[in-house]
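# What the coordinates show
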Amino acid sequence: MAEARHATGSQGRTFGWIIVSAILFGVATALFLFNLSREVPPAGWPALLNGADDLRAIMARDGLMPRFCAGLLSGGALGLASVVLQQVLRNPLAEPGTLGIFAGAKCAIAASIIWAPGLLSLGWDLPALVGGIGVAAIVLLLSARSHFAPTRVTLIGLIASLAFGAAGTMLVLTHFDALSDLYIWEAGSLIQNGWSTVLALAPKLGLVSLAIILLMRPLSAMQIEGAERLGVRTSLVRGTTILAAVGLSALVASTVGLISFLGLAGAAIARGAGARRLSTRLIAAPLIAAGLLVLTDQALLALAGGIEIPAGITVMLVSVPLLLWMLQRTPVASNAPAAMSAPMRLQVGTAPAFIGLGSALIASFALAATLGPGPDGWQLAHGRLLAELSIWRLPRITAACCAGAMLAMAGSLLQRLTRNAMASPELLGISSGTALMLLVATLFLPGLDRSGTAALSCLACLAILGCVLRLSRRSAFAPDHLLLIGAGLGALLASLLSILLVIGDPRILRVIGWLSGSTYSVDAAEARAIVLATALALLLPLPLVRWIGLMPLGEPVGRSLGMPIAGARLAIVLVVAVLTGIATLFVGPLSFVGLMAPHLARRLGTRTALAEIYGSALVGAVLMVLADWAGRTIAFPWQIPAGLIATALGGAYFVMTAWKR
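The shown structure was predicted, so the numbers you read here are calculated from the model rather than taken from an experiment.

Along the backbone of the protein chain there are 28 helices and two strands. Burial analysis of the protein chain (661 residues in total) assigns 55% to the buried set. Across the protein chain, contacts joining residues at least 24 apart in sequence account for 80% of those joining residues at least 6 apart. Looking at the protein chain as shown, the accessible area adds up to about 27,500 Å², and 69% of this sits on carbon and sulfur atoms.

Shown next, in the form of structure tokens:
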């Protein structure tokens, strides 16, 4: 009896994906029929096929019906692409979003609209494909030396996604008139104005999917150790299948926009529902992803009350919580966090490092205050001109300097707290959560002053950071879990943020620049406030220095030395929340400073906890001052936010670091 029950349970789990798919499609179809009945009563449905030409019939036949089909095609393609990428890279976190494919597609499309509009004569497919292939090639090339280790591929992909996403945002900000429509496109809208898009997309996706099916046997064999000895040309299979997966993703992106995390959710749910073999996952994941997308989209149509909210945004509201829940149920392959003591080729010692960094900060501050372009070209300001320009330049330079220092300190503390060298406010979704809270405050609490906004920002940081640490504690802050949780929460919060942006409230336009990391709205009073806040923030680590030094050694060592683990972790989390909250308030949620500055400080030879924290602060201050100066000068008279420049610099830094390793 027991064996029979076990066999029945195993069989149920094996075919659980069929039940999940049936539920998703059943509910989605019911919602579709409900939405269709609101346009045309059921008695009039046969007339739709006979060419009824009244307005509601046209809306149903040429709007609602192709929209449903576009959702099925797009969701299925992204689910299939994710399964292929996960199989060929042996990485359960791989999907078009985490590998930077979508960011590359956005950047390439934006560049084509500005400088090569002729490439768009046949649609956006070619630029999206070129951009996606380019970024995917960079990610895989930099990951090859680690034999495509899942954590490394995911990390490089996330960094590439942020860096190329920042580049695309720079283009949007400097060419807003030409690229303003990209805000709606990148949100992932399934709106259709006829069947032409569906009829053009279906055969393309079918051909690419057929190529993947033909490669199923060598793909399955790649899971076997020593597959090359069995005659499998792994390099050729890997390259061909990745190209096919990028093709699927680019076709979907160019047609309906960016729908991140959907394929990852479909593949993860399929695996959790019993689809273990590759042949089964190639069917289950596309079905589940397609069902999830059309269910979300039809539910939005039924509930939104006439407001068009892109499905690409809201699908993350469904898929990300599912992923986080399943992540908690997934066995951890390894509990070893990323090493905090990576090889450092440049070690100049603590004292020389501080002298050099202090000198660099003074020099960068002087450069930003005096040198810049004007109506008559570049000029070095002095005397009366310097006094006049200082009214405008000094507040923003000061804000950038202080915010960079605080973000860098927060990154250093996070890396020590989690024993993970890849932890930072940007990658863990903390900055996105703060941005969302501040945007909500802008809309619904317009009378809130700067101190109240700062308190709200810190509370948001504390809530998001506590959530990330709570979800990742089971895996002992393993890099893959921590990165996926942070990226998932960041995507979830960014989707909520995008919903507010898509609504179109005029007040949103005032904060778009701030969301990109702008400092040019900071005045003298705010600059004095952030200087005072930074001075106090520099004192916060001092009472905790012993605990901060013991954190990287692990809980058992800390307990044996008398450290109160829970209290120490809470105190450090509070400090990180304050630092990130205040910094994000002034320079927005973007930048790699919190991730990059601690690495540079360690490379310079800062060995103790306190030296690393303050060394990181100096590095972060220099980086943000230079980023603010570059943003003010490289596209004059356009102003590129310092956060975007810092993100691009951080991406370039990690590309070089990964290449050297």
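With that settled, the discussion passes to unusual backbone geometry. Negative phi characterises most residues that are not glycine, and trans characterises most peptide bonds. Of note, Phe261 is a non-glycine position whose phi angle comes to about 75 degrees, a positive value. Within the element layout of this structure, Phe261 appears in the loop between α12 (234-256) and α13 (262-272). Exposure remark for Phe261: the relative accessible area of 7% places this residue in the buried category.

This paragraph deals with helix α26 (residues 593-603). Among the 11 residues of α26, nine are classified as buried, and the element is accordingly described as predominantly covered. All buried positions along α26 are accounted for by Val593, Gly594, Leu595, Met596, Ala597, Pro598, His599, Ala601 and Arg602. Gly605, located one to two residues past α26, shows a positive phi value of around 105 degrees.

Let us now look at the pattern of salt bridges. What the rule picks out here adds up to eight salt bridges. Put simply, Arg61 and Asp62 hold a salt bridge, and the shortest N to O gap is 3.8 Å. In this structure Asp62 comes out as partly exposed when scored by relative accessible area, which is 23%. With its nearest N and O atoms 3.2 Å apart, the salt bridge here joins Glu388 to Arg384. Here the residue Glu388 and the residue Arg384 both occupy positions in helix α17 (residues 383-418), the gap between them amounting to four residues, near one helical turn. The class for Glu388 is partly exposed, based on a relative accessible area of 40%.

Let us now look at the side chain of Ser254. Within the fold, Ser254 resides in helix α12. Non-local contacts of Ser254, meaning those with residues more than four positions away in its chain, are made with Trp124, Asp125, Ala128 and Trp185.

What follows is about the packing of α17 against helix α27 (residues 609-633). Axes are the key here: two packed helices are described by the angle between their axes and the distance separating the axes. Closest axis-to-axis distance for the α17/α27 pair is 7 Å, and the angle between their directions is 140 degrees. The orientation of α17 relative to α27 falls into the category oblique. The handedness of the crossing between α17 and α27 comes out as right-handed. Taken together, the residues of α27 that come into contact with α17 (itself represented by Arg393, Arg396, Ile397, Ala400, Cys401, Gly404, Ala405, Ala408, Met409, Ser412, Leu413 and Arg416) are Ala609, Glu612, Ile613, Tyr614, Ser616, Ala617, Gly620, Ala621, Met624, Val625, Asp628 and Arg632. Considered class by class, the residues forming the contact of α17 with α27 number 14 nonpolar, four polar and six charged.

Turning our attention to the nonpolar core. Counting 92 residues, the largest nonpolar core has Leu413, Ile572 and Leu579 as the members making the most contacts within it. The element that contributes the greatest number of residues to this core is α17, accounting for 15 residues. Other than its neighbours up to four places away in sequence, Leu413 contacts Ile548, Ile572, Val575, Val576, Leu579 and Ile613. Core analysis: the next-biggest nonpolar cluster, separate from the first, contains 85 residues, Val40, Leu140, Ala265 and Ala270 among them.

Moving on, we get to the confidence of the model for the protein chain. Taken residue by residue, the protein chain gives an average pLDDT of 80. The fraction at 70 or more is 81%. Low pLDDT, under 50, characterises residues 1-12; the stretch is placed with zero contacts to residues that sit more than four places away or in other chains. Taken together, the stretch residues 333-339 has pLDDT below 50 and engages in 14 contacts with residues farther than four places along the chain or on a different chain.

Moving on, we get to helix α2 (residues 16-39). In this model α2 runs 35 Å from its N-terminal to its C-terminal C-alpha over 24 residues, within 8% of the 34 Å that 1.5 Å per residue would give. Inspection of α2 places Gly16, Trp17, Ser21, Leu24, Ala28, Leu31, Phe32, Asn35 and Leu36 among the buried residues, and these make up the whole buried set.

This part is about a nonpolar patch on the surface. A cluster of nonpolar side chains, contributed by Leu532, Leu536, Leu539 and Leu542, occupies part of the molecular surface with about 390 Å² of accessible area. Note that Leu536 resides in helix α22 (residues 524-539).

Time to look at the packing of α17 against α26. Contact pair α17 / α26: the axes reach a minimum separation of 7 Å and the direction vectors enclose 75 degrees. The angle between the axes of α17 and α26 places the two elements in the roughly perpendicular class. Here Gly404, Leu407, Ala408, Gly411, Ser412 and Gln415 of α17 come into contact with α26, specifically with Val593, Gly594, Leu595, Ala597, Pro598, His599 and Arg602. Within the contact of α17 with α26, the residues separate by chemical class into six nonpolar, six polar and one charged.

Here we take up the pairing of strand β1 (residues 371-374). Relative to strand β2 (residues 377-380), β1 runs antiparallel, the two being bridged by four bridges. What sits directly across from Pro373, in β2, is Trp378.

Take the environment of Thr633 next. Tracing the sequence through the fold places Thr633 in helix α27. When the C-alpha atoms of Thr633 and Gly372 are compared, they prove to be 6.1 Å apart, with 261 residues separating the residues in sequence. With residues near it in sequence (within four places) discarded, Thr633 still touches Gly372, Pro373 and Trp378. At 3.0 Å, the side chain of Thr633 and the backbone oxygen of Trp629 are in polar contact.

Note on placement: Ile613 falls in helix α27. Take Ile613: its relative accessible area is 1%, and that puts it in the buried class. Considering only alpha carbons, one finds Ile613 and Ala601, 12 residues apart in sequence, at a separation of 8.3 Å. Those residues in contact with Ile613 that sit more than four places away from it in its chain are Met409, Ser412, Leu413, Pro541 and Ile548.

The rules behind these values
- Residues numbered from 1 in each chain as written.
- Predicted model: local features only at pLDDT ≥ 70, side-chain atom pairs only at ≥ 80, totals over all residues.
- Heavy atoms only, no water.
- Helix = DSSP H or I, 4+ residues; strand = E, 2+ residues; numbered from the N terminus.
- Buried < 20%, exposed > 50% of the residue type's maximum accessible area, 1.4 Å probe, protein only.
- Contact = heavy atoms within 4.5 Å.
- Areas by Shrake-Rupley, 256 points an atom, 1.4 Å probe, with all protein chains shown as cover.
- Salt bridge = Lys/Arg side-chain N within 4 Å of Asp/Glu carboxyl O.
- Axes fitted to C-alpha atoms, helices over the stretch in contact; angles between N-to-C directions.
- Parallel < 35°, antiparallel > 145°, perpendicular 65-115°, else oblique.
- Left-handed = near helix turned anticlockwise from the far one by under 90°.
- Nonpolar A, V, L, I, M, F, W, Y, C, P; charged D, E, K, R; others polar.
- Core = buried A, V, L, I, M, F, W, Y, C linked by side-chain atoms within 4.5 Å.
- pLDDT = per-residue confidence, 0-100.
- Expected span 1.5 Å × (residues − 1).
- Patch = residues over 30% accessible without salt bridge, like charges linked within 9 Å, V, L, I, M, F, W, Y side chains within 5 Å.
- Pairing = 2+ DSSP bridges.
- Polar contact = N/O pair within 3.5 Å; in protein donor to acceptor, adjacent residues only side chain to side chain.

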